[in-house]
Amino acid sequence: MQQLDFKTLKNPKQSSGSLAEQVYKELHWAIITGKIPSGTRLVESVLAEQMGVSRTPVREALQKLVSDGSVYGIPRAGYIVEDMSERDVVDLFMARAAVERIIVRLAAERITGDELNRLEGNLKQMTKLLKGALTNEMIDLDTDFHQLLSRAARSKTLYELNQLLIRRTLRFRVFCLRVPEIAKVTRDGHELIVKALKSNDPRKAEEAILSHLEDTKKTVAYYVEELRRESFMTSDLEF
């Protein structure tokens, strides 16, 4: 059984709900960064002991991980960190393309000047990180960019759908954006989207987002296979 170096979570002033959210964030980050590989068995009692908390917040956190697709439950056996095949990646990005092409078309018509400024500010921060070879810090900017697009569409339903899809791909985007060449392609794709939005051209915006997601799909599919090979070597781990 492997011991993970979790942050100290125990805080007597915290409510059960906020503690469960903290446990969820710790476990989610450990999964998306590969500290807990695909195929790893997660046991409620073991995690509670390692993290210094009761089983209740761990149980709630694991249920949330199930709902966002990070793990799946097995009756009387615990939870297993979800694996993802190349076929799963293709399906996931088909769903993202279907949702985000509608989002950008609406955004091209509804986006405000302030929202455009925020997207351009996001691009400038990405460029700064690229120049400083700090691409491992770009994941938050990438997520923020797509969230800004979703909000600009003024559709609560599309925003919620896209949030789910973004979370499903987060684990693999963390790895991909660490590679400078991939990070630059991501940044350049975002720039084309912003240019289309500034011209209020829904067709160009749709073309730009589809091209961007196709590039991302190809890199994620490649790295998924790499991660699956690595995970196979450590699939007997238990937490």
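Residues numbered from 1 in each chain as written. Predicted model: local features only at pLDDT ≥ 70, side-chain atom pairs only at ≥ 80, totals over all residues. Heavy atoms only, no water.

J.: Would you explain the packing of helix H6 (residues 139–152) against helix H8 (residues 180–198) in this entry?
T.: Any two packed helices are characterised by the angle at which their axes cross and by the distance between the axes. The interhelical angle for the contact between H6 and H8, taken along N-to-C directions, is 20°, at an axis separation of 12 Å. Between H6 and H8, the angle is such that the two are roughly parallel. Our pair here, H6 against H8, has a crossing hand that is left-handed. Across from Asp-142, Phe-145, His-146 and Leu-149 in H6, the residues of H8 making contact are Thr-186, His-190, Ile-193, Val-194 and Leu-197. Of the residues that constitute the contact of H6 with H8, the class distribution is 5 nonpolar, 3 polar and 1 charged. (Axes fitted to C-alpha atoms, helices over the stretch in contact; angles between N-to-C directions. Helix = DSSP H or I, 4+ residues; strand = E, 2+ residues; numbered from the N terminus. Parallel < 35°, antiparallel > 145°, perpendicular 65-115°, else oblique. Left-handed = near helix turned anticlockwise from the far one by under 90°. Contact = heavy atoms within 4.5 Å. Nonpolar A, V, L, I, M, F, W, Y, C, P; charged D, E, K, R; others polar.)

J.: Is there a simple way to think about the nonpolar core in this case?
T.: Nonpolar side chains in soluble globular proteins generally cluster together in the buried interior. Membership of the largest hydrophobic core comes to 35 residues, with the highest contact counts inside it found for Leu-119, Leu-149, Ile-193 and Leu-197. Sorting the residues of this core by element identifies helix H4 (86–110), helix H5 (113–131), H6, helix H7 (156–176), H8 and helix H9 (202–233) as the ones contributing at least two each. Examining the composition of this core, we find that 10 residues originate from one element, H4, more than from any other. Excluding residues within four positions of it along the chain, Leu-119 makes contact with Ile-111, Phe-145, Leu-148, Leu-149, Val-194 and Leu-197. Counting 20 residues, the second-largest nonpolar core is a separate cluster that includes Leu-27, Ala-30, Leu-47 and Val-71. (Core = buried A, V, L, I, M, F, W, Y, C linked by side-chain atoms within 4.5 Å. Buried < 20%, exposed > 50% of the residue type's maximum accessible area, 1.4 Å probe, protein only.)

J.: When you look at the packing of aromatic side chains in this model, what are you seeing that I'm missing?
T.: Here the distance between the centres and the angle between the planes together describe a pair of aromatic rings. One pass over the structure, following the stated rule, counts 0 aromatic pairs. Cation over ring: Lys-64 sits above Tyr-24, and NZ or CZ is 4.4 Å from the ring centre. (Phe/Tyr/Trp six-rings, centres within 6.5 Å; stacked < 30°, edge-to-face > 60°. Lys NZ or Arg CZ within 6 Å of the ring centre and 35° of its normal.)

J.: How should the pattern of salt bridges be read in this particular structure?
T.: Oppositely charged side chains may form a pair once their charged atoms are brought near each other. The final tally for this structure, using the stated rule, is 15 salt bridges. Between Glu-206 and Arg-101 there is a salt bridge, with its nearest N and O atoms 2.6 Å apart. With Glu-206 in helix H9 and Arg-101 in helix H4, this pair connects stretches of sequence that are 105 residues apart. Given a relative accessible area of 14%, Glu-206 falls into the buried group. Look at Arg-101 and you get partly exposed, because its relative accessible area is 33%. When the shortest N-O distance is used, the salt bridge between Glu-191 and Arg-187 registers 2.8 Å. Separated by 4 residues within a single helix, Glu-191 and Arg-187 lie in helix H8, roughly one turn from each other. Its relative accessible area of 14% is what places Arg-187 among the buried residues. (Salt bridge = Lys/Arg side-chain N within 4 Å of Asp/Glu carboxyl O.)

J.: How should the pairing of strand E2 (residues 71–74) be read in this particular structure?
T.: On a regular strand, each side chain points to the face opposite its neighbour's, so the side chains alternate between the two faces of the sheet. Two strands pair when backbone bridges link them, and E2 and strand E3 (residues 78–81) are joined in this way by 4 bridges, in the antiparallel orientation. Within E3, the position partnered with Val-71 by the bridge is Val-81. Counting the residues in the hairpin turn of E2 and E3 gives 3 residues, including Arg-76, whose phi is positive at 65°. (Pairing = 2+ DSSP bridges.)

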